[in-house]
Every structure is written in C-alpha cells, then in structure tokens.
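Working through the structure, step by step
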Amino acid sequence: MTVTVREALRSKAFNGCSLIAGEAGLDRPISCVDEMEVPNILPWLKKDELLITTGYAVKDDEGALLGIIQGLYDAGSSGIALKTRFIGNIPPSITELADRLEIPIIVIPPELPFIDIIHPLMKQIVDEQNMKLEFTEQMNERFLNLQIEGGSFDSICSMLGSLIQCDVLITYRNFEVISSYQASQGSMSGWIEDNGTGGVFLKDFLKDPQFCQGGRLVRLEDGGEMMACMINVKGKCRGYMYVMGRSGQLTEMMQIAVRQASVYAALEFSGKGLAEEREFHQDTGFFLDLINENTLSEDEAQKRARGHGWAVLPCRMTISDIDDFESFAEGKSEQEIQNIKDDILEEYKSVIKKKFHVFFVTNLSDRFYCLFPQSADKFQITDLIGEICIRLKKKFMLTMTTGASNMIEQFSRFAEAHEEGKTAVEIGKKERSGRSVFFIDDLALESVFLEMGRQEYFRNFSSSLLKPLEEYDRGHESRLMETLEMLTEKAGARKETADALFLHRNTLLYRLSQIEEITGFNLNDHEVILKLTIAFKIRRFVF
C-alpha cells in the first residue's frame, strides 16, 4: 500500500503529533518528505510531498501562511507538519482554508526533533517503493515467460485472473470480447451480451469513457469495483482490458499486476495486428484481381476465396465514397489522412461486425468497400451504413455516399458489380435526396439519364431547352429554373408545385407566366412538360 497521511499519523514516528485541520485529506499519498525554512517556499512544493517546517520565515505573516496552504493544494502536495513555537496558535482562517481544500495540518510537539519523523517516514516510503519494484519485476518475469512460451489472450486472462482472483475481459476496440476469465461463482451476464451472430460484446454502460480510459479504479453501484486499461499499440487504441472484483479486492499491488498484464496484451495485439495486416493485404489483392478481371476462371476464384476464408456467394458489394475528399484533405498531412482512413475502416468493421459475418472490408484511395452476405437485406444495409455515417460526421465532420451493386452470384461478375456500385455512388452524389445509400437495382431510370448525360447529343438537347431560362436567372438573380424544375417533378400540377415551394398560388402563376414569356413554352402542354422533365434529368447528370 502507498504510504498516506493517515498511515503516517498512526506510526510511532508521529507519537504526540495532532491533526488540527484537513481531515478529509488524510488519504493523500506521501512519496517524499522535505524540510524548508525559506520565506518563499512555493516554487519548491511538489506533488505527494509532506512539508515539515517551523514556519519561522512566515511567523508574523498570516497571508503568507494562507498562501502556503493554497500552494500545497495547487501542487498536489500531501500536507504540512509544523511546530508552532514561532507561529503560536494557528489562526482560524488557516484551518478553515485547509479544511476546505482538504490539506492536512499536523502540529508537531516542540520536543520532537524533525529527524525522528523524517528518518522513519522516509524508510517506510523507500521500503514501500522497493516492495512495489520487486512485485513489478516478479509480474514482469511471469508474463514475459508466458509470452516466450507462446502466450495468447486466453493465457494472459487466465494468469491475471487466477493471480488476483478477479473476472478479466480483453476486448477489441469495438468492445467485442476476445477472451475472458471468470473467477467469481456468478455469471458474466452483467458485463457481456451475445449479438445473435456469434459475437460477444460488452454491455453499453461499460463503454463509457470514464470506465475505459485512464486505467483507474471505478466503484460500481453494486458495491464492487472495476479497473479498465486502454491497450495501445504505436499510439493507437487496439483494445481494452477490464477487471472486475469485490470491494477492496483490487489493491494497489493487484492494480500493478493488471497494468503489467495490459502491457503483454499490447504485445499480443501487436503480433496479431501484423498477422491481420498481412491477411488484409492478401484479401485486398484478391479483391483487386476480381474487380480487374485478373482471375483466370471461376474455379480458380472459388479456390482462392476458400483459401482466404471468404463466405460463399451470393453477396452484395457496397462502395462508400468520401464526399468532396479534396476539401476534406486540404491542410492535412499524408499521415493524418491515412490515420483517418484507418479509423474509418475500423468504424466499418466495428458497426457491421455486430450484425453480420462480413467476410471482407477494405479501402482503396478514398473509397471503402464491403461485401455483405445474402442475409443482409436493403433495410439492414441502409441502417448500418447510416450508423457509420453518423459516427463519421460526429468524429471527423465528413459525409459519405454509398452505392450498392446487384447481388453477385459468381466471382466472374465482380467487375460488373464494381461498376454498378460506382454508378450508384455517382447517381447518389447527383441526387439531392438526403439518402446515404443507393441501390443500383432501384436506379434503373436514373442510370439511363446518367448515360444520356454522358452523350453530346443529349447534353445539347437539355441545354437548348433550358439555357435561355438559366441565363435569365443568372442575369436577374431570379429562381425561375428552380420553379420550372419543381413543376416537372410534380408532372405539371400547380397546387403540388406551390406547396412544395411554399409559394402562394398567385405567386406561382406569375412565375410560370414569366417562364412562358422568356422561353416560349406552353406549360399547359403535357408534351412540353415531358420534354422539360427529360431535360432537367439529363442536366442533373451532366458532368
């Protein structure tokens, strides 16, 4: 245990000493002791330091003594022990401040030499530090031997749990449980839950940052206690270690063991990360071969898929494209951009893996690819991609557009599905619907207009009909193009158009008469409305 002010007062060294203020701070730790008699001691105050003094330098200055109490608090010091021969009775203002700031004030008897306090107290502190160091070395040796013998997450959990007799969980950064050790007789149902697809995850309340960051002890409502350590590899979070026990069970020594175990869990994550990275590059290479039609035959593709552990077909390919990537990347270094892409990929895996066994997720440039099994319907895909978009908007202030292919029945259709996904993304970026996912099989008409927009004949057709009105709007800062486009979307219906634009009917009729005067169109002619509808659709997809 760390030496505290409370424990120091109980020792023989402090016989005859009395606490006169700051009782609430008795559990402040003491890691060093210093004796000072200079007028301005504030610059020398240190964290967890017990200051011993006669106060001679401030004997006639109540304000200076108040400043010392405040300085002890600001520095995170343990407290102050003093003789009052020179100061006399401690003024109420001093004890009141000490009580408020929880800074213990200890009065030392005049006949007790400082050395009789300092020497045994320092010995106690040094002995405690030596004991911690020895225990740390023992833990390090045990976990190192475990690692040398081919340790795993299971063996780390088992060794730590049996050593401290607490429940232990190790999770990925998305809180999916990798390994666990149960020391208690009850179940772990209060900590974990099955998502129904074979994955086990921590319950939501344990994902609170106050629990999973900082490696500190947290008291739980049921009277138990918990410690969680973030496991970092190369400065990035890879997972978490959770330890749950009864009240008072996670002593300081046990907390040292938890931290040592988390270090070796980080080594395991590092090794696992290298293997996953190698597997990721192999999977991505196979995917590139498929979409670039580099695979020789369907049989060869099936063999390679089995070798990579891919699920059987059919599946659906989604492509998510970062909107306005150039603006998003502006001012960021290549490393910053790559880190963000890595985080986006992790968000994809984290969200989707909770619902489906997705056998492939990757990114190429600023696009992110996912293969969904046939069991994932359109509503589920839309919900999952929507959740990812919400996270990315909150975390990085970016948006994405996602296109989904038709179902892929054979590996030979991957290249075609890739084009379908890209086409759906392209249409999605042109559409102003507010949706985040666009399925190509729902975009048959839009695909026709997209293709028409690529051809000069149809571009000229659209421009010849709409250019006069477009130029008028530009010159007069009017919004007649918007009015006409809405009229075509409402198939020429005046009332629906006025309602959609929040216009009074007379205002709409005035605008329509302006449009007819400028263009010569008869907006009561359904053939004209049809032509204009086609022209606007083509215009939307003109590059």
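All values derive from a computational prediction rather than experimental measurement.

All right, on to empty space enclosed by the protein then. For the structure on display, the rule yields 2 cavities of 30 Å³ or more. Within this model, the largest cavity holds a volume of roughly 70 Å³. Tallied by class, residues from the lining of the largest cavity come to 9 nonpolar, 2 polar and 1 charged. The computed volume of the second largest cavity comes to approximately 50 Å³. In this structure, the second largest cavity is lined by E485, T488, E489, T533, F536, K537 and R540.

Moving on, we get to the packing of aromatic side chains. Taken as a whole and assessed by the stated rule, the structure comprises 14 aromatic pairs. Their ring planes at 80° and their centres at 4.9 Å tell us that Y56 and F86 sit as a pair that is edge-to-face. You can see Y56 sitting in the loop between β3 (49-53) and α2 (62-75) and its partner F86 sitting in the loop between β4 (79-82) and α3 (92-101), a full 30 residues away along the chain. Pairing Y348 with F368 gives two aromatic rings, centres 5.9 Å apart and planes at 10°, and the pair type is stacked. Residue Y348 is located in helix α10 (residues 334-353), and its partner F368 is located in strand β15 (residues 367-373); the two are separated by 20 residues in the primary sequence. The same class applies to Y348 as to F368, namely buried. Feature note: the residues F286, F287, W310, F360, Y369, F411 and F414 constitute an aromatic cluster, connected by ring pairs. The ring of F114 carries the charged tip of K83 above its face, separated from the ring centre by 4.9 Å. Seen from the ring of F328, K332 lies directly overhead, with NZ or CZ sitting 4.4 Å from the centre.

Because each turn of an α-helix spans 3.6 residues, side chains separated by three or four positions end up pointing in the same direction. The terminal C-alpha atoms of α10, which comprises 20 residues, lie 28 Å apart, in line with the 28 Å expected from a rise of 1.5 Å per residue. For α10, the full list of buried residues reads I337, I340, K341, D343, I344, L345, E347, Y348, S350, V351 and I352.

What follows is about the pattern of salt bridges. In total, this model carries 23 salt bridges according to the counting rule given. In this structure, the salt-bridge partner of E419 is K422, at a minimum N-O distance of 3.2 Å. Of this pair, E419 and K422 both sit in helix α12 (residues 414-430), 3 residues apart, which is roughly one turn of that helix. Shared partners join several salt bridges into a network, and the residues in it are D321, D323, R367 and K429.

Let's shift gears to the environment of R278. Within the secondary structure, R278 is located in helix α7 (residues 252-291). Each C-alpha atom, one on R278 and one on V3, is 49 Å from the other, the two residues being 275 residues apart in sequence.

The volume enclosed by the second largest pocket comes to roughly 490 Å³. Taken together, 14 residues form the lining of the second largest pocket, with F175, E347, S350, K354 and R391 sitting closest to its centre. Considering only residue class, the lining of the second largest pocket consists of 2 nonpolar, 2 polar and 10 charged.

On to the sheet that holds strand β1 (residues 18-21), then. An order of β1-β5-β4-β3-β2 is seen for the 5 strands of this open sheet, with the pairing classed as mixed. Pairing within the sheet leaves two strands with one partner each, and these edge strands are β1 and β2 (32-35). Strand after strand, the sheet turns through a mean of 25° between neighbouring axes, direction not considered. In terms of strand pairing, β3 meets β4 through 4 bridges, oriented parallel. The residue bridging T53 from the neighbouring strand is L82, located in β4. Contacting β3, β4 and β5 (105-107), α2 crosses the sheet at an angle of about 140° to β4.

Checked against the element boundaries, S11 lands in the loop between α1 (5-10) and β1. A polar contact of 2.6 Å, which involves the side chain of S11, links it to the backbone oxygen of A8.

Here the focus is the pairing of strand β11 (residues 225-233). Most of β11 sits out of view: 7 of its 9 residues are buried. Across 3 bridges, the pairing between strand β10 (residues 217-219) and β11 is antiparallel. Pairing of R219 across the sheet is with E225, part of β11. The hairpin turn running from β10 into β11, its antiparallel successor, is 5 residues long, and G223 in that turn takes a positive phi close to 95°. In textbook terms, the turn of a hairpin is the stretch between consecutive antiparallel strands, and for β11 and strand β12 (residues 236-245) this stretch comprises 2 residues, one of which, K234, has a positive phi near 55°.

All right, on to the sheet that holds strand β16 (residues 400-408) then. Strand order across the open sheet formed by 5 strands is β14-β15-β13-β16-β17, with mixed pairing between neighbours. Edge positions in the open sheet fall to β14 (360-364) and β17 (437-439), since each of these has one partner strand only. The sheet shows a mean angle of 20° between the axes of neighbouring strands, taken without regard to direction. Two strands pair when backbone bridges link them, and β16 and β17 are joined in this way by 3 bridges, in the parallel orientation. Following the sheet pairing, A404 is matched in β17 by F439. The strands that helix α11 (residues 378-396) touches are β13 (315-322), β15, β16 and β17; relative to β17, the one it contacts most, it runs at about 150°. Across the sheet, α12 lies against β13, β15, β16 and β17, angled at about 145° from β16, the strand it touches most.

Here is what the cut-offs are and how they apply
Residues numbered from 1 in each chain as written. Predicted model: local features only at pLDDT ≥ 70, side-chain atom pairs only at ≥ 80, totals over all residues. Heavy atoms only, no water. 1 Å grid on protein atoms, 1.4 Å probe; cavity = no way out; pocket = protein on both sides within 12 Å on 5 of 7 lines; lining within 4 Å. Points joined across faces, edges and corners; volume = space filled by probe spheres on them. Nonpolar A, V, L, I, M, F, W, Y, C, P; charged D, E, K, R; others polar. Phe/Tyr/Trp six-rings, centres within 6.5 Å; stacked < 30°, edge-to-face > 60°. Helix = DSSP H or I, 4+ residues; strand = E, 2+ residues; numbered from the N terminus. Buried < 20%, exposed > 50% of the residue type's maximum accessible area, 1.4 Å probe, protein only. Lys NZ or Arg CZ within 6 Å of the ring centre and 35° of its normal. Expected span 1.5 Å × (residues − 1). Salt bridge = Lys/Arg side-chain N within 4 Å of Asp/Glu carboxyl O. Pairing = 2+ DSSP bridges. Axes fitted to C-alpha atoms, helices over the stretch in contact; angles between N-to-C directions. Contact = heavy atoms within 4.5 Å. Polar contact = N/O pair within 3.5 Å; in protein donor to acceptor, adjacent residues only side chain to side chain.

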